[in-house]
Amino acid sequence: MDIFIAGYGKGKQSFCMADKESVMDVNPWINERGKPVKVKKFHLLDSMASLHKYIAIRYMPLLKLMLIQIAILTPLLLICTSFDDTNAEMLRMATRESNADDTFNFDPTTIQWEKYFKEIHIPGLMKYSF
């Protein structure tokens, strides 16, 4: 029971299996700043059937999506490939020679990759993928 209380109090536990006639103290918990702890909507499950239904509704769509992604990505992850960037390198050299590299900047070594992933790539994935 202590694990449930700690998980619920931290806002991490959103369901419990118990008899609906049980008496439980679920008064609002106060954090160290004196403010009530916000918790997720609570689900009281009273049977294995209700647990199975909860899991099917809450987790099966995510599991199915993950299995689809695994099926799509597995061939790409297991394949041994090499990429030929000869044309891109010739373009980089041509822009360097014509002093146009400041205008077009085809040099991937100048990209701040960490900043790109944190500020552009991942936010874009979150916005358009979910």
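Relevant structure appears above.
Thresholds applied
Residues numbered from 1 in each chain as written. Predicted model: local features only at pLDDT ≥ 70, side-chain atom pairs only at ≥ 80, totals over all residues. Heavy atoms only, no water. Helix = DSSP H or I, 4+ residues; strand = E, 2+ residues; numbered from the N terminus. Rg over C-alpha atoms; globule rule 2.2 N^0.38 Å. Buried < 20%, exposed > 50% of the residue type's maximum accessible area, 1.4 Å probe, protein only. Contact = heavy atoms within 4.5 Å. Patch = residues over 30% accessible without salt bridge, like charges linked within 9 Å, V, L, I, M, F, W, Y side chains within 5 Å. Areas by Shrake-Rupley, 256 points an atom, 1.4 Å probe, with all protein chains shown as cover. Salt bridge = Lys/Arg side-chain N within 4 Å of Asp/Glu carboxyl O. Lys, Arg positive; Asp, Glu negative; His and termini not counted. Charge placed at Lys NZ, Arg CZ, Asp CG, Glu CD. Phe/Tyr/Trp six-rings, centres within 6.5 Å; stacked < 30°, edge-to-face > 60°.

Trainee: If you had to explain the overall build of the chain to someone new, which residues and values would you point to?
Mentor: Helices and strands together make up the secondary structure of the chain, namely six helices and two strands. In the chain, the succession of helices and strands from N to C terminus is α-β-β-α-α-α-α-α. A compact globule built from 130 residues should have a C-alpha radius of gyration of about 14 Å, whereas the chain, at 26 Å, is more than 25% larger. Projected onto its principal axes, the C-alpha positions of the chain cover 80 × 40 × 25 Å. Taken across its 130 residues, the chain has 11% of its residues classed as buried. If you take every contact in the chain between residues at least 6 apart in sequence, the share linking residues at least 24 apart comes to 55%.

Trainee: Could you give me a rundown of a positive patch on the surface, with the residues and numbers involved?
Mentor: A cluster of like positive charges, contributed by Lys10, Lys12, Lys40 and Arg58, occupies part of the molecular surface. Within the secondary structure, Lys12 sits in the loop between helix 1 (2-9) and strand 1 (15-17). Taking the relative accessible area as the measure of exposure, Lys12 reaches 64% and is therefore exposed.

Trainee: Kindly report on the packing of aromatic side chains, identifying the contributing residues and their values.
Mentor: Counted according to the given criterion, the structure contains four aromatic pairs. Relative to Tyr59, the ring of Tyr54 lies with its centre 6.5 Å away and its plane at 75°, an arrangement referred to as edge-to-face. Since its relative accessible area comes to 9%, Tyr54 is described here as buried. Taken together, the aromatic side chains of Trp113, Tyr116 and Phe117 make up a single cluster linked through ring pairs.

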